[in-house]
Amino acid sequence: MKLESRAPTGPLADKWNSHRFNVKLVAPQNRRKFDIIVVGTGLAGASAAATLGEAGYNVKSFCFQDSPRRAHSIAAQGGINAAKNYRNDGDSVHRLFYDTIKGGDYRAREANVHRLAEISVQIIDQCVAQGVPFAREYSGLLDNRSFGGAQVSRTFYARGQTGQQLELGAYQALARQVEAGTVDLYTRHEMLELVVTEGRAAGIVVRDLVTGEITSHSAHAVVLATGGYTNVFFLSTGAKGCNTTAIWRAHRKGALFANPCYTQIHPTCIPVSGDYQSKLTLMSESLRNDGRIWVPKDANDRRSPGTIPESERDYYLERIYPSFANLVPRDVASRAAKRMVDAGFGVGDLKNGVYLDFGTAISRLGRATIEARYGNLFEMYANITGEDPYAVPMRIYPAPHYTMGGLWVDYNLMSNLPGLYVIGEANFSDHGANRLGASALMQGLADGYFVLPATISEYLAGQLGQPSPDPAGSAFKEAEGAVRERVGRLLGIKGSRSVDWFHRRLGRTLWEHCGMGRNADGLKTALADIGSLREEFWNDVRVLGDGESLNQSLEKAGRVADFMELGELLCQDALHREESCGGHFREEHQTPDGEAMRDDENFAYVAAWEFKGEGKPAELHKEELEFEYVHPSQRSYK
Amino acid sequence: MKLTLRVWRQKGPSDEGRFETYDVPDANEHMSFLEMLDVVNESLIADNHDPIAFDHDCREGICGMCGIVINGRPHGPKKHTTTCQLHMRNFSDGDEITVEPWRANAFPVVKDLVVNRSAFDRIIEAGGYVSAATGSAPEANSLPVPKADADLAMDAAACIGCGACVAACPNGAAQLFTSAKVGHLGLLPQGQAERWSRVVAMVERMEEFFGSCTNYGECEQACPKGISVNFIARMNREYLKAKFKDGRKLARGALGDE
Ligand SMILES: Cc1cc2nc3c(=O)[nH]c(=O)nc-3n(C[C@H](O)[C@H](O)[C@H](O)COP(=O)(O)OP(=O)(O)OC[C@H]3O[C@@H](n4cnc5c(N)ncnc54)[C@H](O)[C@@H]3O)c2cc1C
Ligand code: FES
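Keep in mind it's a predicted model, so treat the numbers as computed, not measured.

Caption draft 1: Region of the structure containing the overall build of chain A. Secondary structure assignment for chain A yields 17 helices and 19 strands. The globule rule puts the C-alpha radius of gyration for 638 residues at 26 Å, and the 24 Å found for chain A is close to it. Among the 638 residues that make up chain A, the fraction classed as buried is 68%. Partitioning the contacts of chain A with sequence separation of at least 6, the portion at a separation of at least 24 is 74%. Accessible area for chain A stands at about 20,700 Å²; split by element, carbon and sulfur atoms hold 49% of it. Seen as two clouds, the 71 positive and the 78 negative side-chain charges of chain A have centres 2 Å apart.

Caption draft 2: Seen up close, the sheet that holds strand S2 (residues 58-62) of chain A. Residue and element names in this part refer to chain A. Within the open sheet, the 5 strands sit side by side as S5-S2-S1-S9-S17. Their pairing is parallel. Strand pairing shows two members of the sheet lacking a second neighbour, strand S5 (183-186) and strand S17 (420-422), which therefore form its edges. When strand polarity is set aside, the average angle formed by the axes of neighbouring strands in this sheet is 20°. By the bridge criterion, 4 bridges tie strand S1 (residues 35-39) to strand S9 (residues 221-224) in an arrangement that is parallel. If you follow Val39 over to S9, its bridge partner there is Leu224.

Caption draft 3: Examining the pairing of strand S11 (residues 263-269) of chain A more closely. All names here are of chain A. Counting buried positions along S11 gives 7 out of 7 residues, so the element sits mostly inside the fold. Direction of pairing for S11 relative to strand S15 (residues 394-403): antiparallel, over a ladder of 5 bridges. Pairing of His266 across the sheet is with Ala399, part of S15.

Caption draft 4: Structural view of the site of ligand 1. In the vicinity of ligand 1, 37 residues are found, and the nearest of them are Gln65, Ser73, Met191, Glu425 and Leu441 of chain A. More than a single chain frames ligand 1: its nearby residues are located in chains A and B. With respect to ligand 1, the side chain of Gln65 of chain A contributes an N or O atom lying 2.5 Å from an oxygen atom. Between ligand 1 and Met191 of chain A, the relevant distance is 2.8 Å, taken from a nitrogen atom to a main-chain nitrogen or oxygen of the residue. Relative to its free-state accessible area of 1,000 Å², ligand 1 is covered by the protein chains to the extent of 98%. A total of 3 residues in the shell around ligand 1 trace back to one element, the largest contributor, which is strand S6 (residues 189-197) of chain A. Within the shell around ligand 1, the residues separate by chemical class into 16 nonpolar, 17 polar and 4 charged.

Caption draft 5: Broad picture of the interface of chain B and chain A. Between chain B and chain A, the contact holds 80 residues from the first and 75 residues from the second. Together chain B and chain A conceal approximately 6,200 Å² of surface at their shared face, both sides included; 50% is due to carbon and sulfur atoms. In terms of surface lost to chain A, no three residues of chain B exceed Glu60, Thr134 and Met154 of chain B, which account for 11% of the buried area on that side. Across the contact surface, chain B and chain A share 6 salt bridges. A salt bridge links Asp55 of chain B to Arg188 of chain A, with the nearest nitrogen and oxygen atoms 2.8 Å apart. Across the chain B-chain A interface, the total number found is 45 residue pairs in polar contact (both at pLDDT 80 or more). Looking at the side of chain B that touches chain A, the elements with two or more residues in it are helix H1 (33-46), strand S6 (109-111), strand S7 (114-115), helix H2 (118-127), helix H3 (147-157) and helix H5 (175-186) of chain B. When the residues that make up the side of chain B that touches chain A are grouped by side-chain class, the tally is 39 nonpolar, 19 polar and 22 charged.

Caption draft 6: Spotlight on unusual backbone geometry. Residues other than glycine seldom take positive phi values, yet Ala325 of chain A does so here, at roughly 45°. Tracing the backbone through its elements, the reader meets Ala325 of chain A in the loop between helix H8 (316-320) and helix H9 (330-342). Overall, Ala325 of chain A belongs to the buried group, its relative accessible area being 18%. Phi is positive for Asp112 of chain B, close to 45°, though the residue is something other than glycine. Examined against the element boundaries, Asp112 of chain B turns out to sit in the loop between S6 and S7.

Caption draft 7: Region of the structure containing the packing of aromatic side chains. Here the structure, examined in full by the defined rule, presents 28 aromatic pairs over all chains. Centroid distance Phe603 of chain A to Tyr605 of chain A: 5.8 Å. Interplanar angle 35°. Geometry classified as tilted. Taken as a pair, Phe603 of chain A and Tyr605 of chain A share a single burial class, namely buried. Taken together, the aromatic side chains of Tyr229, Trp248, Phe257 and Phe611 of chain A make up a single cluster linked through ring pairs. Lying across the ring of Tyr402 of chain A, Arg435 of chain A places its NZ or CZ 4.1 Å from the centre. If you follow Arg103 of chain B out to its NZ or CZ, it ends over the ring of Trp8 of chain B, 4.2 Å from the centre.

Caption draft 8: Expanded view of the nonpolar core. Counting 147 residues, the largest nonpolar core has Ile80, Phe134, Leu224 and Phe537 of chain A as its most contacted members. Looking at this core element by element, the count peaks at 12 residues for helix H12 (residues 440-460) of chain A. Excluding anything up to four places from it in sequence, Phe134 of chain A contacts Ile80, Ile124, Cys127, Val128, Leu142, Phe156, Tyr157, Ala158, Thr162 and Leu166 of chain A together with Ala150 of chain B. If you look at the next biggest cluster of nonpolar residues, it comprises 57 residues, including Ala239 of chain A together with Val69, Ala150 and Cys223 of chain B.

Caption draft 9: Focus on the sheet that holds strand S7 (residues 200-208) of chain A. Residue and element names in this part refer to chain A. Spatially, the 3 strands line up as an open sheet ordered S6-S7-S8, and their pairing is antiparallel. Strands with a single pairing partner mark the edges of an open sheet, and in this sheet they are S6 and strand S8 (214-218). Adjacent strand axes in the sheet meet at a mean angle of 25° when their direction is disregarded. Two strands pair when backbone bridges link them, and S7 and S8 are joined in this way by 5 bridges, in the antiparallel orientation. Along S8, the bridge assignment pairs Ile204 with His217.

Calculation notes
- Residues numbered from 1 in each chain as written.
- Chains lettered and ligands numbered in written order.
- Predicted model: local features only at pLDDT ≥ 70, side-chain atom pairs only at ≥ 80, totals over all residues.
- Heavy atoms only, no water.
- Helix = DSSP H or I, 4+ residues; strand = E, 2+ residues; numbered from the N terminus.
- Rg over C-alpha atoms; globule rule 2.2 N^0.38 Å.
- Buried < 20%, exposed > 50% of the residue type's maximum accessible area, 1.4 Å probe, protein only.
- Contact = heavy atoms within 4.5 Å.
- Areas by Shrake-Rupley, 256 points an atom, 1.4 Å probe, with all protein chains shown as cover.
- Lys, Arg positive; Asp, Glu negative; His and termini not counted.
- Charge placed at Lys NZ, Arg CZ, Asp CG, Glu CD.
- Pairing = 2+ DSSP bridges.
- Axes fitted to C-alpha atoms, helices over the stretch in contact; angles between N-to-C directions.
- Near = heavy atom within 4 Å.
- Polar contact = N/O pair within 3.5 Å; in protein donor to acceptor, adjacent residues only side chain to side chain.
- Nonpolar A, V, L, I, M, F, W, Y, C, P; charged D, E, K, R; others polar.
- Buried area = accessible area lost by both parts, 1.4 Å probe.
- Salt bridge = Lys/Arg side-chain N within 4 Å of Asp/Glu carboxyl O.
- Phe/Tyr/Trp six-rings, centres within 6.5 Å; stacked < 30°, edge-to-face > 60°.
- Lys NZ or Arg CZ within 6 Å of the ring centre and 35° of its normal.
- Core = buried A, V, L, I, M, F, W, Y, C linked by side-chain atoms within 4.5 Å.

This is the structure we're talking about:
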């Protein structure tokens with residue numbers, strides 16, 4: 001299979017503009033003849049559904065929560081990047097492009113990333129016009145803060161609730177279209193199958209989570225905006241419902257899965273406190289603007305942090321990376337924390353964290369300023385740990401947070417299956433092997449408000465005059481049958497172990513062997529373990545209740561079954577990529593001082609995997625990455 | 001710690017429902033309330049009993065999905081805290097805890113502790129937005145917003161739509177929820193063009209589903225985000241003002257500010 005990125009030729013800065021001119025259009029009066037399904041109502045899905053509805057298409061929007069507003073984007077805290085250069089500190093579209101390519105360790109497509117940087121400025125305009133209450137200065141103009149991996153201040157924010165406010169903006173735009181009748185809303189509906197006819201995406205099969213009813217929906221195009229798959233690790237900063245089912249089902253139907261092993265471990269999360277732990281809570285990266293990370297110089301120092309003198313603290317990020325210091329990119333910060341904890345310098349009762357200390361900032365700026373900047377995060381920390389972060393440094397440790405991998409898409413955001421589009425965190429996206437902070441919100445909204453609505457007509461124009469496929473057709477009946485069979489199978493096993501038991505096991509295996517550090521032996525062990533866990537699951541899982549009503553165990557069981565298959569692909573990808581890059585750290589490939597060592601000669605490609613059957617190795621397809629404008633070099637944040 | 005739970009179990013919307021009692025032999029103070037329920041559910045499953053259904057997603061106090069009445073109080077005893085962020089250190093060994101769903105006419109029970117809150121979406125659909133079509137926006141800094149207005153708008157916009165305000169209200173009214181959105185958008189210059197038509201449309205849609213407000217103020221007490229009842233007063237004033245305005249212009253949704 002030849003993978004065509006369809007990235008336009010011509011000078012980098014003109015590509016998007018000239019592409020928009022060359023794309024086929026659908027005239028306004030013809031748009032209502034097209035049905036489009038959008039699965040997901042996060043930043044990507046809600047912005048896409050709203051914009052396509054405004055344009056005049058017939059849109060159906062699906063989500064599994066009880067309201068579109070609750071998509072996981074709502075939990076994003078820190079901010080959204082844009083190359084506005086309001087600080088006059090040397091920012092530009094080109095710099096945001098450059099920082100993103102470099103931050104991603106040279107594993108993203110130049111044309112896509114440049115487009116993202118260009119669109120970033122329009123996103124802020126759009127959101128302000130919708131009434132997103134971004135933080136402002138006394139002048140009434142917009143404020144900015146700094147995020148990791150950049151030496152400029154380009155992050156826009158709304159207290160510690162930026163994701164919430166952007167999500168509500170997109171949700172409200174969607175609500176306006178629901179009222180206008182251009183969008184039909186299906187909440188508490190889960191997509192369980194993609195329907196493909198004659199090689200094209202034709203629709204989806206969903207289960208109504210309240211009644212258990214299984215139905216088909218057909219359309220001219222299907223858009224998946226179903227978020228990331230970090231919950232494959234069980235413990236992550238993701239919401240409990242985040243899953244891979246929508247994209248995994250599409251993968252099984254032929255969509256290629258790109259770079260699954262590029263997972264991001266976020267450096268600043270609250271450490272695990274016990275076996276019952278159900279998720280990990282992020283403490284926003286923005287805290288690294290004012291917080292300083294340290295461990296005691298003496299591994300056996302058990303004194304309370306406040307009594308340890310300055311001279312006996314190791315501010316290791318400031319020591320090792322003086323020019324970026326506490327604001328090195330996430331992958332670098334996470335590995336540094338792991339090295340400290342592995343070497344016995346961990347803090348807290350379980351010695352499983354490092355300090356994030358606001359002492360210096362509080363004495364410099366005063367408590368009130370820190371409270372205004374991070375009040376809600378401090379409150380959340382105090383709620384969870386019972387400790388007061390104004391008085392005692394926070395304890396933090398890395399946790400799975402974001403997935404750069406996802407379904408492969410071309411420059412138009414279409415997968416290799418014609419008519420299937422993938423946007424937001426669900427695609428393999430623009431972040432290469434590591435995403436910079438505050439860039440996921442930017443990408444989700446760029447995809448949904450601006451890119452997809454401009455590119456989808458290229459495909460639709462060719463279908464003018466054709467009705468959308470018949471949802472009573474044989475492909476739909478078959479897909480519905482498969483869903484019913486699977487639901488019946490899960491309920492029929494009546495084994496001895498709960499779904500969570502399997503999910504925790506899967507998560508532990510992946511965290512151990514395919515987390516922050518990976519090596520060939522570990523990955524082979526994980527592959528064997530997950531294979532047998534998957535078999536055990538299908539023989540011994542216990543799902544009580546029936547399929548005709550709200551059954552949360554059944555929902556989880558379907559998701560965990562897909563996570564197990566994905567877990568195997570993750571390990572397969574990690575094993576094949578004999579280099580370290582960004583979030584993928586192969587212990588065999590590191591520089592003498594422990595930094596990631598890429599192999600550009602052999603691995604400067606996107607690994608796109610084709611499904612070959614359950615338990616069978618997937619087949620690799622490569623999209624070579626070409627760098628015309630940025631010369632890949634060893635990343636240095638020193 | 002050892003706890004006894006009295007939990008509302010209801011198979012479906014038409015089932016009558018009843019309390020059932022469960023012993024929790026070893027809850028830990030670092031658990032969240034929902035993690036404690038996870039542990040109960042694991043033991044129910046082990047005994048072949050249907051686990052307790054409850055809504056949740058982010059478990060970070062922001063998505064608004066969780067919501068349980070704990071000992072008679074929506075989201076439990078701790079102020080400004082959602083159920084998912086409530087930790088067991090707020091309880092004591094030997095406590096008996098009553099666990100119920102939101103009780104409100106507009107929020108019918110789906111199962112156990114899960115209710116249907118879609119009436120909230122209907123209120124937003126009636127007008128809880130600025131009609132700024134994608135692509136039509138002016139440069140973001142072209143319209144400065146006084147910091148005080150932006151901050152107050154943000155206080156209102158912090159609403160997570162969980163429904164605790166309705167569950168706490170003896171009348172099952174949704175004034176706090178509705179006024180938070182009216183306040184958020186009405187305080188910003190971007191929200192002015194539709195300011196009057198918005199408040200009328202949202203209030204009237206709200207009244208189709210919810211009871212009326214008689215100023216008990218329980219909503220503010222229950223709100224995990226501390227949204228102030230001042231927004232209700234503000235909404236009432238705006239609604240009256242809008243009603244006195246030119247009815248024909250209002251019908252066209254184009255009253256504008258004066
Ligand atoms: C705690 C936290 C903080 C973060 N902070 C930041 C930040 O400050 N800045 C930043 O840039 N990024 C941040 N991120 C990352 C960012 O929030 C996400 O990458 C982004 O919001 C993903 O948006 P999305 O639209 O792709 O998916 P989501 O918002 O995850 O939405 C997924 C949607 O798909 C639906 N869905 C999923 N599966 C199915 C199915 N099978 N059937 C039907 N519907 C389905 C869901 O209902 C939901 O509506 C943060 C992430 C986390 C976890
Ligand atoms: S689960 Fe999201 S607010 Fe509680």
